[in-house]
Amino acid sequence: MQMFQGVRSLYLNYSMFGFPASGTQLIVITVFSILAILLCYDKWNRRRYETLTNELNGPPDYPIIGSCLESFGDHYEKIMFYGDLFNYGLFKCWFGSYLSVFITKPEDLQIILNSSKALNKGYVYKMATKLIGEGLVTAPVDKWKIHRRLMNPLFKYDIIKEKFFPIFQEKSKVLVQKIQKGVDNTQPIDILDCISSVTLSTVCQTTMDYNLDTHTDMGFKMGVIKGVELVINRVPKVWLYPDVIYNLYIKLFGYENIYKIVRNLPRHIIAKKKNDYVNKFSKKNTTDTDVNDGKSECFKGLVETLLDSNKPEERFTDEDIMGHVITMVGAGFETTSLTASFCFLMLAIYPDIQDKVYDEICSALGDSDEPITMEQTNKLVYLKQVIYETLRLFPTAPIISRQLHDDVTIRNHKLLKGTMCVISPLITHHNPELYSNPNSFNPDNFNAENVAKRHKYSFIAFSGGPRGCIGKKYGLVFLTVIITEVLRSFSVHTDMKFSDIKLKLGITLHNTVGFPITTKSRKNRHNVCNNAEMLNY
Ligand code: HEM
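According to the UniProt record, the Cofactor (unreviewed entry) comment for the chain reads "heme".

Below is the structure:
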């Protein structure tokens, strides 16, 4: 009945500008007026970029929607297709009326990633602000500059060695215990499931000084995993971009709770640390002794460093500190767990490479059962090549963007202020001029000789320049420790072939078919190690 009334109303007469009009006419006129306004807006927006867009190639684009039709289908296939089609050079892509330029050549990347006019990250990153607040990834440039300068020292070699390394050792032991439960089973496990809870707990302990493993509450773990998923899922859903609609959406589907859960734990930890900090100060004032003179007290974690800065422009609110803590956890946890999982998958698919890595581990660590040391990680050159080659093929942060806050010229092309520069390690890493056989797994791509032949920006899995990954060394050392400790105890195997891998492009890069691995115990480890030494590897 209601439906009939709706249809009937379409034929009722209305008046428009004094002229009688039916409901249908009204709808048609309204739609055309909206289209006309959008078209004018689109033309107006695009007029500034005409010279550049005439110079550059790009996927098909249409008024108002730009190249949005291209966002349907397999994003990974599309991006690789266009990278190849436009010869791994500069190409344009319109997102509605917003111009994006893909920067893929190492020489061009060096210019953009080091330009003081390209420090802004752009609107896509804003989508994460609701979850992570304003941390390093999402903070506006002025704020980011001060905060990054203060945080850089926390990721130096000495801090990693003194403070983070023992945590890496302890957590890799937990990973080995987890894997041990399924050892010699014929049924594969998804190794990402084992690794992700260990990496999350590692990043939490190194940033918040909070050991998730000793707490049975799964809320935070699940909250972070679900929260990251929510942010990732928002990116391709253009209709969820306006905050008003997104806020309604999360309310409607009951996701609001996830945000609360993710923010609750850091909020409590910060409040506690702030309290401790105030108490230390009052103690210092009454006894006049240096409360920071014990060795372990000398180290200031992330929260303490931020609490300690007392210049007016460096004062952090609780919201700021929370933003940084959640950012570190979010940025450090998925990237490392996915990279480790891809690494194990590669080692399982290529047993000869696994053997070579294992032999190197044996020769560096001998037959000792002691955990690996920071010095020993430096000896594992071939393993480092394997990690780099994994990140070349599977850069876990596959798309980076920078929005220009001033004009920048690249090879006679003037990119205007406001242009979004899109950088995809995936495209650059598959350029056959930089890597021969770019689609196969070959750790020799990263031996000293081959690295010396290539431009420095041919490998950008950690981005580069002042806004490059702050956790690069942390990530590489941590990956070395977990891979070493797992391979010392087990060999890894899979039925999967390289061609079975099916990548899914989002904020991070996933394998849709998972990481199915079986493990076998290395019962005769000492014998194998001794053989490796005899062979003088
Ligand atoms: C394999 C591991 C990792 C990879 C591949 C990786 C990759 C990246 C990339 C590509 C960026 C630049 C993003 C952009 O420009 O938009 C970045 C930034 C960042 N990463 Fe990592 N990352 C890894 C590990 C870590 C770890 C372990 C941490 C912290 C514990 C971390 C913290 C950050 C932060 C805070 C930023 C933002 C830096 C800034 O804007 O100043 N990352 N990472």
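Next, the rest of the story.
A. Fine view of the coordination of the iron atom of the ligand. One donor from the polypeptide reaches the iron atom of the ligand: Cys-469 (SG), at 2.3 Å. Structurally, Cys-469 is set in the loop between α21 (448–453) and α22 (472–489).

B. Seen up close, helix α12 (residues 243–252). Three or more residues of α12 are buried, namely Tyr-246, Tyr-249 and Ile-250. Projected onto a plane normal to the axis of α12, the buried residues spread over an arc of 90° and lie on a single side. Opposite the buried face of α12, at more than 90 degrees from it, the exposed residues are Val-244, Leu-248, Lys-251 and Leu-252. Downstream of α12 by a residue or two, Gly-254 has a phi angle that is positive, lying close to 70°.

C. Up close: the site of the ligand. Taken together, 26 residues are adjacent to the ligand, and Tyr-125, Trp-144, Arg-148, Arg-402 and Cys-469 come closest. Within the side chain of Arg-402, a nitrogen or oxygen atom sits 2.9 Å from an oxygen atom of the ligand. In the environment of the ligand, an oxygen atom lies 3.2 Å from a nitrogen or oxygen atom belonging to the side chain of Arg-467. Secondary structure elements with two or more residues in the shell around the ligand: α8 (141–151), α16 (318–349) and β6 (400–403). Here the element with the most residues in the shell around the ligand is α16; it accounts for five residues. Of the residues contributing to the shell around the ligand, the split by class is 15 nonpolar, seven polar and four charged.

D. Up close: the nonpolar core. Counting 127 residues, the largest nonpolar core has Phe-168, Met-208, Phe-344 and Val-357 as its most contacted members. Counting residues per element, this core draws most heavily on α16, at 17 residues. Excluding residues that lie within four positions of it along the chain, Phe-168 makes contacts with Ile-160, Thr-202, Thr-206, Tyr-474, Val-477, Phe-478 and Val-481. Core analysis: the second largest hydrophobic core is formed by 23 residues, Leu-109, Leu-113, Ile-400 and Cys-421 among them.

What counts, and where the lines are drawn
Residues numbered from 1 in each chain as written. Predicted model: local features only at pLDDT ≥ 70, side-chain atom pairs only at ≥ 80, totals over all residues. Heavy atoms only, no water. UniProt positions renumbered as here; feature names shortened; annotations may be inferred. Donors = N, O, S within 2.8 Å, 3.2 Å for Na, K, Ca; no water. Helix = DSSP H or I, 4+ residues; strand = E, 2+ residues; numbered from the N terminus. Buried < 20%, exposed > 50% of the residue type's maximum accessible area, 1.4 Å probe, protein only. Arc of directions from axis to C-beta. Near = heavy atom within 4 Å. Polar contact = N/O pair within 3.5 Å; in protein donor to acceptor, adjacent residues only side chain to side chain. Nonpolar A, V, L, I, M, F, W, Y, C, P; charged D, E, K, R; others polar. Core = buried A, V, L, I, M, F, W, Y, C linked by side-chain atoms within 4.5 Å. Contact = heavy atoms within 4.5 Å.

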